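The residues making up each chain are set out below.
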Amino acid sequence: MKLPERAAIIDAAAIAHNVGTIAEYVRPAKVLAAVKADGYGHGLLTAARAALHGGADWLGVAHIAEALQLRAHGIEAPVLAWLHTHEADFAAAIEAHIDLGASGWELEPIAEAANTLHEPARVHLKVDTGLGRNGATMTDWPELVRRAAGYQNRGLISVEGIFTHMAVADEPDRRETDEQLDAFRQALAIAEEHGVVPDLRHVANTPAALSRPDAHFDMVRVGVGVYGHSPFADRSGPSLGLKPAMELRTTVANVKSVPAGQGISYGLTHRVEAPTKLGLIPLGYADGIPRIAVGAPVLIRGRRYCSAGRVAMDQFVVDLGADSDVQVGDEVVVFGGESGIEASEWGTAAGTINYEIVTRIGARVPRVVINAEPVP
Ligand SMILES: *Cc1c(COP(=O)(O)O)cnc(C)c1O
């Protein structure tokens, strides 16, 4: 296969495998695969189709626009969209049978759109059990549930789910997770008092799905694990039975010998101590390689080399050592594939996490999908 000069190779079979692995962890709970943000950078449709093939019951996105894109491409599986603004097109979502998260203000415009369309909206009520982001506070929850029950009785909405989102599940020993689960159970009891008892109670993100069976309820909402990455600082994806689904690769664009003291890249923040060879890697921050990554690894000819100096818009430099046999044109794997380099290593080098590394790989890097099932 002739690859583009730069490519993010997306292994659809790995995505399907990861969904299957997570489904086994959480059985009998259902699996919602989060495919927001262009499938965490892997491609919205690639991720959605592979996740469904792997056994995902639901797909999850942040925005209605993302959900509509799935529908526009013929994906009929249940989809939940959970982050809205006043500009959100609730009517289009209802017509496309997209489930809607609602934390408070959304309920009225959703019910209004449903009223106009003469079609009930499918709603998942969100409670904030501690994350402090979206979701009704525990104080506002009884009122949200009361309003939802009212709309449900009028046939304008159907409450399909109740959910919340975890704050610290990636650190399994923290007690705040227990507090959130207690609050969630309390919220369910309050909803029940108002006659709101939906089939889908869902809480767990990837870390909670993998470390807290008591957070599984009826469904888990998993993202980073679907793409083969670990949400835990001290665990790798493969050690959890997951296969990283993105391999970022290019080829060496230049090799040259330089004397001791040669500075590297803007700001000359790094100088080589001894004569060496420098390899030029044609990927930069425009492609999603963080500018501040320091000493991050790449694999060339089966050996690891580290980035040196600042990452520029289009390129960065690795110190190959004086005796290197690396040639222009040699393949470079930045992470993934058979390299053994995890996106989390780039995350650590850049003061961020694997989630951000894969999600921000830029539009200039073509996605090359392998091992995909044929689209029917
Ligand atoms: C992104 C997201 C998820 C998935 O989180 P991961 O940590 O990637 O598994 C689950 N639920 C909500 C509400 C999200 O925004």
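Residues numbered from 1 in each chain as written. Predicted model: local features only at pLDDT ≥ 70, side-chain atom pairs only at ≥ 80, totals over all residues. Heavy atoms only, no water.

1. A look at helix α6 (residues 107-117)
- By the burial criterion, the buried members of α6 are Leu107, Ile110, Ala111, Ala113 and Ala114. In an axial view of α6, the angular spread of the buried residues amounts to 160°, which keeps them on one side of the axis. For α6, the exposed residues set more than 90 degrees away from the buried face come down to Glu112 and Thr116.
- As for α6, its buried residues are in contact with α5 (90-95), β5 (99-102), β6 (121-126), α7 (141-153) and β7 (157-163).
- Just past α6, the residue His118 takes up positive phi, approximately 55°. (Buried < 20%, exposed > 50% of the residue type's maximum accessible area, 1.4 Å probe, protein only. Helix = DSSP H or I, 4+ residues; strand = E, 2+ residues; numbered from the N terminus. Arc of directions from axis to C-beta. Contact = heavy atoms within 4.5 Å.)

2. Observations concerning the sheet that holds strand β1 (residues 7-11)
- Taken together, the nine strands give an open sheet; going across it, the order is β11-β14-β17-β16-β15-β18-β10-β1-β19, and neighbouring strands pair in mixed fashion. Among the strands making up the open sheet, the edge pair consists of β11 (254-258) and β19 (367-370). Strand-to-strand, the axes of this sheet are offset by a mean angle of 35°, without reference to chain direction.
- Relative to strand β17 (residues 316-319), strand β16 (residues 303-308) runs antiparallel, the two being bridged by two bridges. Paired with Ser307 across the strands is Val318, a residue of β17.
- Along the sheet face, helix α1 (residues 12-26) touches β1 and β19 and points at about 45° away from the line of β1. (Pairing = 2+ DSSP bridges. Axes fitted to C-alpha atoms, helices over the stretch in contact; angles between N-to-C directions.)

3. Observations concerning the UniProt feature "binding site: substrate" (unreviewed entry) in the chain
- Per the UniProt record, the feature "binding site: substrate" (unreviewed entry) sits at Arg133 and Met313. The largest pairwise C-alpha distance within this set of annotated residues, which runs over 181 residues, is 32.9 Å, so the set is dispersed in three dimensions.
- Mapped onto the elements, Arg133 comes out in the loop between β6 and α7.
- When near neighbours in sequence (up to four residues on either side) are disregarded, Arg133 contacts Asp128 and His165.
- Residue placement: Met313 occurs in the loop between β16 and β17.
- Exposure remark for Met313: the relative accessible area of 42% places this residue in the partly exposed category.
- With residues near it in sequence (within four places) discarded, Met313 still touches Gly284, Tyr285, Ala286, Asp287 and Arg364. (UniProt positions renumbered as here; feature names shortened; annotations may be inferred.)

4. A look at the site of the ligand
- The environment of the ligand is formed by 14 residues, the closest being Lys36, Tyr40, Thr206, Val224 and Tyr355.
- Contact between the ligand and Lys36: an oxygen atom at 2.6 Å from a side-chain N or O atom of the residue.
- Take Arg221: an N or O atom from its side chain is 2.9 Å from a nitrogen atom of the ligand.
- Protein contacts shield 94% of the accessible area of the ligand, which totals 390 Å² for the unbound molecule. (Near = heavy atom within 4 Å. Polar contact = N/O pair within 3.5 Å; in protein donor to acceptor, adjacent residues only side chain to side chain. Areas by Shrake-Rupley, 256 points an atom, 1.4 Å probe, with all protein chains shown as cover.)

5. Topic: the domain arrangement of the chain
- By domain assignment, the chain separates into domain 1 (13-228) and domain 2 (246-370).
- Here the C-alpha centre of domain 2 lies 37 Å away from the C-alpha centre of domain 1.
- In this assembly, eight residues from domain 1 lie in contact with eight residues from domain 2.
- Of the roughly 710 Å² buried where domain 1 meets domain 2, counting both sides, 61% is carbon and sulfur surface.
- Inspection of the domain 1/domain 2 interface yields zero salt bridges.
- The interface formed by domain 1 and domain 2 contains one residue pair in polar contact (both at pLDDT 80 or more). (Domains from an automatic or database assignment. Buried area = accessible area lost by both parts, 1.4 Å probe. Salt bridge = Lys/Arg side-chain N within 4 Å of Asp/Glu carboxyl O.)

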